[in-house]
Amino acid sequence: YQQQGQGRIAAADFKAQDYCRAEMPKDFEFDVKFTVLSATVYFTGAGFPNVEMGYINSSSLKPVKTLMDKCRPGSIVVFDNIKVKGPGDEVRTIENVSMKLY
């Protein structure tokens, strides 16, 4: 389930991810590709008594893997200040994405 930057994902599935990607909504008319350049990633909720923050500087989640490993059902992960490169090499900031893990 994903709606306007919010979604749910199983904690085990989230922790198994190595990369992130930016996708257009399924009903979008054109096939447009974006490359993730960077994002700030916040971790809160279950497993995080205080908000913890990490950064990625590509689509690789390796820089935040230790924080991802602490996630469990009830954790909330927010990708913020997401910079992507799209058609024509235009760099833009897209809407944040939050996920509640179950």
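Residues numbered from 1 in each chain as written. Predicted model: local features only at pLDDT ≥ 70, side-chain atom pairs only at ≥ 80, totals over all residues. Heavy atoms only, no water.

A few points about the overall build of the protein
So, step 1. For the protein, the helix and strand inventory stands at two helices and seven strands.
So, step 2. Order of helices (α) and strands (β) in the protein, N terminus to C terminus: β-β-α-β-β-α-β-β-β.
So, step 3. Of all 102 residues assigned to the protein, the portion counted as buried reaches 31%.
So, step 4. A sequence separation of at least 24 residues applies to 59% of the contacts in the protein between residues at least 6 apart. (Helix = DSSP H or I, 4+ residues; strand = E, 2+ residues; numbered from the N terminus. Buried < 20%, exposed > 50% of the residue type's maximum accessible area, 1.4 Å probe, protein only. Contact = heavy atoms within 4.5 Å.)

Digging into the confidence of the model for the protein
So, step 1. The share of residues in the protein with pLDDT of 70 or more is 86%, and the mean pLDDT across the chain is 89.
So, step 2. Strand E1 (residues 2-3) is the least confidently modelled element of the protein, averaging 40 in pLDDT, while strand E4 (residues 52-56) averages 98, the highest of any element. (pLDDT = per-residue confidence, 0-100.)

Describing the pattern of salt bridges
So, step 1. Throughout the structure, instances matching the rule amount to three salt bridges.
So, step 2. Here Lys65 and Asp18 are joined by a salt bridge, their closest N and O atoms 3.5 Å apart. Residue Lys65 is found in helix H2 (residues 65-69), and its partner Asp18 is found in the loop between helix H1 (11-15) and strand E3 (35-45); the two are separated by 47 residues along the sequence.
So, step 3. Its relative accessible area of 45% is what places Asp18 among the partly exposed residues.
So, step 4. Ionic pairing is found between Glu90 and Arg92, a salt bridge with its closest N-O pair at 3.0 Å.
So, step 5. Judged by its relative accessible area of 32%, Arg92 is partly exposed. (Salt bridge = Lys/Arg side-chain N within 4 Å of Asp/Glu carboxyl O.)

A few points about the packing of aromatic side chains
So, step 1. Going through the model one piece at a time under the given rule, you end up with one aromatic pair.
So, step 2. Here the aromatic rings of Phe43 and Phe48 are separated by 5.6 Å at their centres, their planes lie at 35 degrees, and the arrangement is tilted. Exposure class is identical for Phe43 and Phe48. Each is buried. (Phe/Tyr/Trp six-rings, centres within 6.5 Å; stacked < 30°, edge-to-face > 60°.)

Examining the nonpolar core
So, step 1. Core analysis: the biggest nonpolar cluster contains 22 residues, and Phe14, Phe43, Ile56, Val77 and Phe79 have the highest contact counts within it.
So, step 2. Discounting residues that sit within four places of it in the chain, Ile56 has contacts with Cys20, Val36, Leu37, Ser38, Ala39, Val41, Leu61, Pro63, Val64 and Phe79. (Core = buried A, V, L, I, M, F, W, Y, C linked by side-chain atoms within 4.5 Å.)

Details of the environment of Val77
So, step 1. Along the polypeptide, Val77 turns up in strand E5 (residues 75-85).
So, step 2. Note on Val77: relative accessible area 0%, which makes it buried.
So, step 3. Between the alpha carbons of Val77 and Met99 there is a distance of 5.3 Å; along the sequence they are 22 residues apart.
So, step 4. If sequence neighbours within four positions are ignored, Val77 has contacts with Phe14, Val41, Tyr42, Phe43, Cys71, Val97, Ser98, Met99 and Leu101.

Some details on the pairing of strand E7 (residues 97-101)
So, step 1. Both strand E2 (residues 6-9) and E7 contribute to a ladder of four bridges, which runs parallel. Among the inter-strand pairings, Gln6 is bridged to a residue of E7, identified as Ser98.
So, step 2. Bridge analysis of E5 against E7 gives four bridges, and the strand direction is antiparallel. When the bridges of E7 are listed, Ile76 appears paired with Lys100. (Pairing = 2+ DSSP bridges.)

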